[in-house]
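Architecture at a glance
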Amino acid sequence: MTQRLSEYRTLVMPDYGGFDLYDADFDVRDDGLIKPARARGAAGNGREICVVCAQTRFKVELVIETWAAQPDLLDGCDGYQEMQMEIPTGLLVISERTRGAWDISLPKGEYFSRISFFGRDTARQLADKELSTDPPIDHDGMERYILQMWRA
């Protein structure tokens, strides 16, 4: 069994339908990722990962893990996408698109990555059901995304 090296947890508001992850030097959003991300939940181009969430009413949980080697698939996930990710600056930006962005430090380099999705159907149903509730009922973190990264 491989070893998890680090873990970072946060809540992200899925502004304009999702959020983006990219190296700090790559600040131009690739709009070509939106269509495949809608179809698969997430898409990447080697420098950016675009995630399309199931709803936009409440925050989603994002967990970013680094691993010594490829970890096992997570049990109970709704789905996942695998891709490569380059982090030449050592700073991975988490962008809520127009709402805000912040970065976390990772070792510089190239990574294989897997983003797994949890709670998408339940979150979508709750968001649709409570569309008229103002303010919305707090379901922050019900929809979850776990990004696992290991050296390429």
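Let us look at the structure shown here. (Residues numbered from 1 in each chain as written. Predicted model: local features only at pLDDT ≥ 70, side-chain atom pairs only at ≥ 80, totals over all residues. Heavy atoms only, no water.)

1. Quick look at the sheet that holds strand β5 (residues 60–67)
The strands making up a sheet are joined through hydrogen bonds of the backbone, oriented either antiparallel or parallel. Pairing is mixed in the open sheet, where five strands are placed in the order β1-β5-β10-β9-β6. Only two strands of the sheet have a single neighbouring strand rather than two, namely β1 (4–12) and β6 (79–87). Across the sheet, the axes of successive neighbouring strands diverge by a mean angle of 20°, strand direction being ignored. (Pairing = 2+ DSSP bridges. Helix = DSSP H or I, 4+ residues; strand = E, 2+ residues; numbered from the N terminus. Axes fitted to C-alpha atoms, helices over the stretch in contact; angles between N-to-C directions.)

2. Considerations on the sheet that holds strand β2 (residues 18–23)
Read across the open sheet, the five strands follow the order β3-β4-β2-β7-β8; overall the sheet is antiparallel. The two strands at the open ends of the sheet, each matched to only one other strand, are β3 (42–44) and β8 (101–105). Neighbour to neighbour, the strand axes of the sheet diverge by 15° on average, direction disregarded. Judged from the five bridges that link them, strand β7 (residues 91–95) and β8 form a sheet pairing that is antiparallel. Considered in β8, the bridge of V93 is made with D103.

Nothing here speaks to function; it is all geometry.
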